[in-house]
Amino acid sequence: MNLPQNVAPKPAALASPAVELRQYTLNPGQRDTLIDIFDGGLIEGQEDAGMTIIGQFRDLDRPDMFVWMRGFDGMDARKNALTDFYGGPVWAAHRDAANATMIDSDDVLLLKPAWPGAGFDLAGAQRPSLATDEKPFQNKPLTGIVVIEIHHLQRGTEADFAHRFEAEIAPLMTAQGARLLATLVTEHAENSFPRLPIRADENVFMSVTGFDSAETHARHKAALAASPAWQGFWEAAQLGLTKPTETLRLSPTSQSLVGR
């Protein structure tokens, strides 16, 4: 299947008020196989069903992890889109080959924007077309990286955390050269498609940032660590965290909209 040249998401899907972060543990050596299947065969079918495939990534620190995000117009739209896709011919054609690469696909967070306007803005994002005989993972790797930080919060603290993050931390991050792509919090609504499990007991705040390279991210991290304002925020925030922050350093696949 060839993706059309310069495909962009439908405008109605840009806000994605419901987002899934999916982390798949794969059989050793199978990540490029899954990327080939996913980027070459599964994007268009999902978006035809009403989803937005926001981004898909190789984890730079875990060689057998495939990480991806998809968005929906809301929880009812999520139910309808997933029902259509997983009951349709595209998934039926690729299901066995995709599942054969996986050990676990149930590490899923269901999220929503942390404040109005905090979701992904994919306006103008485009995917290149694939030549008929070209495998997606053989395309030239993208040099930029996407960093996801997942902060685990005590229930009831997320609104204050988000307010302080927006006012104090987001400006520090962007001043040091990060592209803040989205900030999301747990969506606690009932799972509208229970056939696919989610981590329902989690309560997280998640930031998604883009950098030109891994080296740029390392310099950015060092600069923030030296900032008194940054240090003060996180020292105070420790009281509301229930476990250590998870950091994912991700390399976008050639067909990812985020991280281009």
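Just above, that's the structure.
Report follows, based on the coordinates. (Residues numbered from 1 in each chain as written. Predicted model: local features only at pLDDT ≥ 70, side-chain atom pairs only at ≥ 80, totals over all residues. Heavy atoms only, no water.)

With respect to the pattern of salt bridges
Where we set the bar: Each salt bridge in this description consists of a side-chain nitrogen of Lys or Arg and a carboxyl oxygen of Asp or Glu lying within 4 Å of one another. Helix and strand definitions follow DSSP, with helices as H or I runs of at least four residues and strands as E runs of at least two, each counted in order from the N terminus. Any residue under 20% of the maximum accessible area for its type is buried, any over 50% is exposed, and the rest in between are partly exposed; the area is computed with a 1.4 Å probe on protein chains only.
Under the definition given, this model contains 14 salt bridges. Of the charged contacts, one joins E47 and R127 as a salt bridge, the two residues approaching to 3.3 Å between their closest N and O atoms. Here R127 lies in the loop between strand 4 (102-113) and strand 5 (145-153) and E47 lies in helix 1 (residues 31-48), a separation of 80 residues in the sequence. When sorted by exposure, E47 lands in the same class as R127, which is buried. For E168, the salt bridge goes to R164, with nearest N and O atoms at 3.0 Å. Of this pair, E168 and R164 both sit in helix 4 (residues 158-175), four residues apart, roughly one helical turn. Residue classification places R164 among the partly exposed residues on the basis of a relative accessible area of 25%. Look at the salt bridges and you will find they share partners, linking D107, R199, E202, K243 and E246 into a network.

A closer look at helix 5 (residues 214-225)
To keep it simple, the criterion reads: What a helix should span is 1.5 Å times the count of its residues minus one. Here the arc refers to the directions that run from the helix axis out to each C-beta atom. The contact definition used throughout considers only heavy atoms, calling two residues in contact when any of these lie within 4.5 Å.
A rise of 1.5 Å per residue sets the reference length of helix 5, with its twelve residues, at 16 Å; its end C-alpha atoms lie 17 Å apart and thus fit the reference within 8%. Along helix 5, the positions that sit buried rather than exposed are H217, H220 and L224. End-on, the buried residues of helix 5 take up no more than an arc of 60 degrees, which puts them together on one face. Exposed side chains of helix 5 directed beyond 90 degrees from the buried face belong to E215 and R219. Among the structural elements, strand 5, helix 4, strand 7 (204-211), helix 6 (228-237) and strand 8 (241-252) are those in contact with the buried residues of helix 5.

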